[in-house]
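Fold and geometry: a report
This is what each chain is made of:
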Amino acid sequence: MILQDNLRPVVPYVPGEQPRDNNVIKLNTNENPYPPSKKVLDALGSIGNDSFRKYPDPEVGSLIDALADYHRVDRKKVFVGVGSDDVLAMCFLTFFNSGREVLFPDISYAFYKVWADLFKINYREVPVSENFEIDPKDYMAENGGMVFPNPNAPTGLALSLDEIESIVKANADNLVIVDEAYIDFGGETALPLVDRYDNLIVTRTFSKSRSMAGMRIGYCIGNEKLISVLNSVKFSYNSYTMSDLAIKTGIASIEDDDYFSRIVKKIVETRESTKKELKALGFTYPDSSSNFIFAKHSELDAEELFNSLKENKIFVRHFNAPRIKDYLRITIGTEREMERLISFLREYIR
Ligand code: PMP
């Protein structure tokens, strides 16, 4: 091809399958099985012509105010984007420019590596232990910044707040991004550290605990200087990131804390009962603090099981990657969905 030398070489992230068939048990992309708050659906009623005709608020001011109130932080510490993928990508672009290696775990969210490659960022994947644990000491070596999810994905394992603080403290001159996509399901948030450390950014999403993956809302909280640079980069790239629909429904979700707590609690209960069932069937798994379980069975081939589940309209996630190819990542669905999964597995194992 004539333009070959001009192309940006990329190996894209492969998202979990979104089947067109609605009649499947979908446990493959860590979505929430419950609907969003009724207030979110009510907010749709307030969407009029103007939300379509006019550009949305480039500052996303009203959603930022709602998030700042909710987390009791100054609004200058909040940045909003189109899902946390957008927020994380903006962070990579903004903060990882030293040329030194950016660190992230080798078993983690696969998009980190993709952004690093896309933006030509030097990076090193830090091996997690045999039990998939992150060792904070590994993140105290020379680096150009770091990112890790807490709880980690796809393992579900969480670091304690003390461990996270030890990492942030040891990296005064490097940015630490804690990706809290799953924090509402377990683990301790690093948000209280934001006031004490100016090298920390915590990212969050509405996609999992708030049942709003389809609206694409993510945000991060950090020191106001960091957020200000992040905004400069965002406004150098795309001013109108959030639709009015996303802004209004996002605010409505934050306003219904009761419902939010209820569905999160329900998912956590279902997770714990599913763990027991899986264990009884001979599966092992790291002890997940998230809305998924990363399970393996010593006698079953994970890929074959994945395919059989799929043939039976139960979608889970299998990663064909070296250290984790024997595992399936199973999102926690409704109680009924998990019962269907368990009864399928029972038959399959017999
Ligand atoms: N971080 C982690 C660890 C994730 O698993 C995901 C979901 N794929 C995201 C970030 C991004 O989620 P979203 O863009 O929907 O906010």
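The coordinates are above.
Residues numbered from 1 in each chain as written. Predicted model: local features only at pLDDT ≥ 70, side-chain atom pairs only at ≥ 80, totals over all residues. Heavy atoms only, no water.

**Quick notes on the nonpolar core**
- One finds Leu63, Val80 and Leu200 to be the most contacted residues of the largest nonpolar core, which totals 49 residues.
- Mapping this core onto the domain boundaries places at least three of its residues in each of domain 1 (17-35 + 258-349) and domain 2 (38-255).
- In contact with Leu200, other than residues within four places in its own chain, are Val168, Leu175, Val176, Val178, Ala190, Leu193, Val194, Ile221, Gly222, Asn223 and Leu226.
- Judged by nonpolar contacts, the second largest core, of 32 residues, contains Ala181, Leu281, Phe292 and Ile342. (Core = buried A, V, L, I, M, F, W, Y, C linked by side-chain atoms within 4.5 Å. Buried < 20%, exposed > 50% of the residue type's maximum accessible area, 1.4 Å probe, protein only. Domains from an automatic or database assignment. Contact = heavy atoms within 4.5 Å.)

**Examining the pairing of strand β4 (residues 123-126)**
- When strand β3 (residues 102-105) meets β4, the two strands line up parallel, connected through four bridges. Note that in β4 the partner of Leu103 across the bridge is Arg124. (Pairing = 2+ DSSP bridges. Helix = DSSP H or I, 4+ residues; strand = E, 2+ residues; numbered from the N terminus.)

**Points about the site of the ligand**
- In the vicinity of the ligand, 14 residues are found, and the nearest of them are Ser84, Asp179, Tyr182, Thr205 and Ser207.
- One nitrogen or oxygen atom from the main chain of Ser84 is found 2.6 Å from an oxygen atom belonging to the ligand.
- The side chain of Arg216 places a nitrogen or oxygen atom 2.8 Å from an oxygen atom of the ligand.
- Starting from 400 Å² of accessible surface for the ligand in isolation, the protein chains cover 91%.
- Sort the elements by how many residues they give to the shell around the ligand and helix α4 (residues 83-95) lands first, with four residues. (Near = heavy atom within 4 Å. Polar contact = N/O pair within 3.5 Å; in protein donor to acceptor, adjacent residues only side chain to side chain. Areas by Shrake-Rupley, 256 points an atom, 1.4 Å probe, with all protein chains shown as cover.)

**Some thoughts on the pattern of salt bridges**
- Tallying each qualifying case throughout the model produces 22 salt bridges.
- When the shortest N-O distance is used, the salt bridge between Asp195 and Lys77 registers 2.7 Å. A residue pair is termed long-range when its members are at least 10 positions apart, and Asp195 in the loop between β6 (176-179) and β7 (200-205) and Lys77 in the loop between α3 (61-71) and β2 (78-81) qualify at 118 residues.
- Here Arg204 ties to Glu180 by a salt bridge, and the two come within 3.0 Å at their closest N and O atoms. In this pair, Arg204 is assigned in strand β7 and Glu180 in the loop between β6 and β7, connecting sequence segments 24 residues apart.
- We classify Arg204 as buried; its relative accessible area is 8%.
- Through salt bridges with shared partners, one network takes in Arg271, Glu272, Lys275 and Asp287. (Salt bridge = Lys/Arg side-chain N within 4 Å of Asp/Glu carboxyl O.)

**Re the environment of Asp301**
- Mapped onto the fold, Asp301 is located in the loop between β10 (292-297) and α10 (302-311).
- Within the structure, the side chain of Asp301 is placed 2.9 Å from the backbone nitrogen of Glu304, a separation counted as a polar contact.

**Some points on the packing of α4 against helix α7 (residues 224-234)**
- It is the contact of α4 with α7, at a shortest axis distance of 9 Å, that shows an interaxial angle of 100°. Taken together, the axis directions place α4 and α7 in an arrangement best described as roughly perpendicular. The segment α4 lies against α7, with Met90, Cys91, Leu93, Thr94 and Phe95 engaging Leu226, Val229, Leu230, Val233 and Lys234.
- When grouped by side-chain class, the residues that make up the contact of α4 with α7 number eight nonpolar, one polar and one charged. (Axes fitted to C-alpha atoms, helices over the stretch in contact; angles between N-to-C directions. Parallel < 35°, antiparallel > 145°, perpendicular 65-115°, else oblique. Nonpolar A, V, L, I, M, F, W, Y, C, P; charged D, E, K, R; others polar.)

**Brief notes about helix α11 (residues 335-349)**
- Its 15 residues give α11 an end-to-end C-alpha distance of 21 Å, which sits within 8% of 21 Å, the value for a rise of 1.5 Å per residue.
- What α11 keeps buried is the set Met338, Leu341, Ile342, Phe344 and Leu345. Down the axis of α11, the buried set is contained in an arc of 160°. They therefore lie on one face. For α11, the exposed residues lying more than 90 degrees away from the buried face are Arg336 and Glu339. (Expected span 1.5 Å × (residues − 1). Arc of directions from axis to C-beta.)

**Considering the packing of α4 against helix α5 (residues 111-118)**
- Interhelical geometry of α4 versus α5 gives an angle of 40° and a closest axis separation of 10 Å. Relative to α5, α4 is oriented oblique. α4 and α5 meet at a crossing whose hand is right-handed. The residues of α5 that touch α4, namely those facing Asp85, Leu88, Ala89 and Phe92, are Phe111, Tyr112, Trp115 and Ala116.
- A breakdown of the residues in the contact of α4 with α5 according to their chemical character gives seven nonpolar, no polar and one charged. (Left-handed = near helix turned anticlockwise from the far one by under 90°.)

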